Amino acid sequence: MTAARDHRRPGAADRIAQDLREKIDSGELGPGDRLPLTRELTEQYGVTGETVRQAIIKLKAAGVVRSKQGSGVYVREWKPLVYRPQSEFRRKPPAVDIFTNLLQTEGRDGMQSIIEVDVELPDEAVRQRLQLAPGEPVAFRRRTSFVDGLPFATDDSYVPLRIVEGSEWMTPGSVERGTNQVLAELGHELVEALDEIYPRMPRPAEMERLALPAGTPIAELISTGHDREGMPVQVTICLLPGDRHVVVYERHRRTEEDSEPAK
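Residues numbered from 1 in each chain as written. Predicted model: local features only at pLDDT ≥ 70, side-chain atom pairs only at ≥ 80, totals over all residues. Heavy atoms only, no water.

Asks: So what exactly am I meant to see when it comes to the overall build of the protein chain here?
Replies: What the protein chain contains, in helices and strands, is ten helices and ten strands. For the protein chain, the residues scored as buried account for 40% of the 263 residues in total. Of the contacts formed within the protein chain by residues at least 6 apart in sequence, a portion of 62% connects residues at least 24 apart. Approximately 15,700 Å² of the protein chain is accessible, and the part contributed by carbon and sulfur atoms is 50%. (Helix = DSSP H or I, 4+ residues; strand = E, 2+ residues; numbered from the N terminus. Buried < 20%, exposed > 50% of the residue type's maximum accessible area, 1.4 Å probe, protein only. Contact = heavy atoms within 4.5 Å. Areas by Shrake-Rupley, 256 points an atom, 1.4 Å probe, with all protein chains shown as cover.)

Here's what the structure looks like:
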């Protein structure tokens with residue numbers, strides 16, 4: 001029995017990682033603070049340098065610290081952008097797209113880089129959400145947003161090609177008034193959306209695109225926008241790094257007055 005209990009007991013590296021994590025969670029080590037040097041930690045905990053390195057590896061895998069070349073290991077800073085999906089349907093100033101409006105609201109500096117605008121056959125998940133016939137193509141816009149000089153999120157939109165072919169929606173670069181306004185001008189104003197959120201770990205290509213440190217989870221937000229006829233018009237897939245975003249939804253209780261048909 002004693003041997004079994006010893007087998008389950010955390011090793012030295014686990015105990016050091018846990019102790020440092022508790023100091024980070026309590027605020028004793030705050031965002032941007034440098035962890036003690038390896039030499040200092042070996043003396044503090046009475047272990048070898050290799051044990052300290054293993055503890056740091058565990059903290060990096062958990063996404064709570066990151067290395068700066070030639071400088072040391074630092075507690076990761078938490079400066080999230082508050083993302084409100086419901087703002088898509090709110091009135092905005094003229095000639096301001098959703099991303100620009102979000103940055104202005106949060107007082108942050110940023111830019112969008114249009115990675116690709118083209119036509120393709122959608123994967124099955126997008127095809128089903130848009131209720132397309134097999135073999136029907138979509139137009140897509142793949143974007144990466146940058147805030148404070150760092151890639152902050154991806155935003156990839158898919159629309160049936162028959163709706164937007166030849167329109168400004170297919171123009172590379174930013175559309176100042178926003179592509180949703182272009183859809184409205186084409187007779188497909190987005191008035192309702194179904195949002196699905198899938199928290200998960202990123203795939204290698206996603207880590208590269210977003211410059212994610214190891215151990216950073218993401219939230220995959222898949223939003224299917226419908227027009228006034230109830231037709232699914234656009235699927236937008238956003239990847240939101242967990243250390244850079246807080247997703248906030250507002251909910252309003254419907255009243256009997258809301259439910260009454262217009263006279």
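Asks: Looking at this structure, how should I read the confidence of the model for the protein chain?
Replies: Detailed conclusions should not be drawn from predicted coordinates in areas where pLDDT is low. Per-chain confidence: the protein chain averages 84 in pLDDT, with 82% of residues scoring 70 or above. Of the regions scoring below 50 in pLDDT, residues 1-9 engages in zero contacts with residues more than four places distant in sequence or in other chains. (pLDDT = per-residue confidence, 0-100.)

Asks: I keep staring at the packing of aromatic side chains and nothing clicks. Help me out?
Replies: The relative placement of two aromatic rings is captured by the distance of their centres and the angle of their planes. Inspection of the entire model under this criterion finds one aromatic pair. Between lysine 68 and the ring centre of tyrosine 74, over which it is positioned, the NZ or CZ distance is 4.5 Å. (Phe/Tyr/Trp six-rings, centres within 6.5 Å; stacked < 30°, edge-to-face > 60°. Lys NZ or Arg CZ within 6 Å of the ring centre and 35° of its normal.)

Asks: Would you mind going over the side chain of serine 223 with me for this structure?
Replies: With respect to the helices, strands and loops of the structure, serine 223 is situated in strand E8 (residues 218-226). At 2.7 Å, the side chain of serine 223 and the side chain of aspartate 195 are in polar contact. If we skip the residues at most four places from it in the chain, serine 223 touches Ala193, Leu194, Asp195, Gln234, Val235 and Thr236. (Polar contact = N/O pair within 3.5 Å; in protein donor to acceptor, adjacent residues only side chain to side chain.)

Asks: I keep staring at unusual backbone geometry and nothing clicks. Help me out?
Replies: Comment: phi is negative for the bulk of residues other than glycine, and the bulk of peptide bonds are trans. Backbone geometry at glutamine 131 places phi at a positive 55°, although glycine is not the residue there. Residue placement: glutamine 131 occurs in the loop between helix H6 (124-130) and strand E5 (138-147). Accessibility expressed as a relative area gives 61% for glutamine 131, which makes it exposed. For alanine 211, which is not glycine, the phi dihedral falls at a positive 50°. Relative to the helices and strands, alanine 211 resides in the loop between helix H9 (204-210) and E8. Under the relative-accessibility criterion, alanine 211 is labelled partly exposed at 46%.

Asks: Sorry if this is basic, but what is going on with the pairing of strand E6 (residues 150-160) here?
Replies: On a regular strand, each side chain points to the face opposite its neighbour's, so the side chains alternate between the two faces of the sheet. The element E6 is extensively covered by neighbouring structure, given that nine of its eleven residues are classed as buried. As judged from the ten bridges shared by E5 and E6, these two strands associate in the antiparallel manner. Bridge pairing links valine 147 to leucine 150 in E6. Linking E5 back to E6 in an antiparallel pair, the connection comprises two residues, with aspartate 148 at a positive phi of about 55°. Of the pairings in the sheet, the one linking E6 to strand E9 (residues 232-241) comprises five bridges and is antiparallel in character. The residue of E9 that forms the bridge with aspartate 156 is isoleucine 237. (Pairing = 2+ DSSP bridges.)

Asks: I tried to follow the environment of proline 172 on my own but got confused; where do I start?
Replies: With respect to the helices and strands, the residue proline 172 is situated in the loop between helix H7 (161-164) and helix H8 (179-185). Residue proline 172 is classed as exposed on the basis of its relative accessible area, which comes to 59%. Expressed as a C-alpha distance, the spacing of proline 172 and serine 113, which sit 59 residues apart in the sequence, is 9.8 Å.

Asks: What is the right way to look at the pattern of salt bridges in this model?
Replies: Applying the stated criterion to the full structure yields 19 salt bridges. Within this structure, Arg200, Arg203, Glu206 and Glu220 form a network of salt bridges that share partners. (Salt bridge = Lys/Arg side-chain N within 4 Å of Asp/Glu carboxyl O.)

Asks: I would appreciate a short explanation of the nonpolar core in the present structure.
Replies: One broad rule of soluble globular proteins: the nonpolar side chains tend to lie buried together. Ranked by size, the top nonpolar core spans 16 residues in total, and within it Leu20, Ile24, Leu29, Leu35, Ile56, Leu59 and Val65 carry the most contacts. Of all the secondary-structure elements, those providing two or more residues to this core are helix H2 (12-26), helix H4 (49-61) and strand E2 (72-75). Ignoring any residue separated from it by four or fewer positions in sequence, one finds leucine 20 in contact with Leu29, Leu35, Leu41, Tyr45, Ile56 and Leu59. Membership of the second largest hydrophobic core comes to eleven residues, among which are Ala139, Val159, Leu190 and Val233. (Core = buried A, V, L, I, M, F, W, Y, C linked by side-chain atoms within 4.5 Å.)

Asks: What's the story with the packing of H2 against H4 in this structure? I'm lost.
Replies: To describe two helices that pack against each other, one gives the angle between their axes and the distance between the axes. It is the contact of H2 with H4, at a shortest axis distance of 8 Å, that shows an interaxial angle of 55°. Accordingly, the angle class assigned to the pair H2 and H4 is oblique. Considering only the axes of H2 and H4, their crossing is right-handed. Note on element contacts: H4 touches H2 through Thr51, Gln54, Ala55, Ile56, Lys58 and Leu59, opposite Ala12, Ala13, Asp14, Ile16, Ala17, Leu20 and Arg21. For the contact of H2 with H4, the residue count by class is eight nonpolar, two polar and three charged. (Axes fitted to C-alpha atoms, helices over the stretch in contact; angles between N-to-C directions. Parallel < 35°, antiparallel > 145°, perpendicular 65-115°, else oblique. Left-handed = near helix turned anticlockwise from the far one by under 90°. Nonpolar A, V, L, I, M, F, W, Y, C, P; charged D, E, K, R; others polar.)

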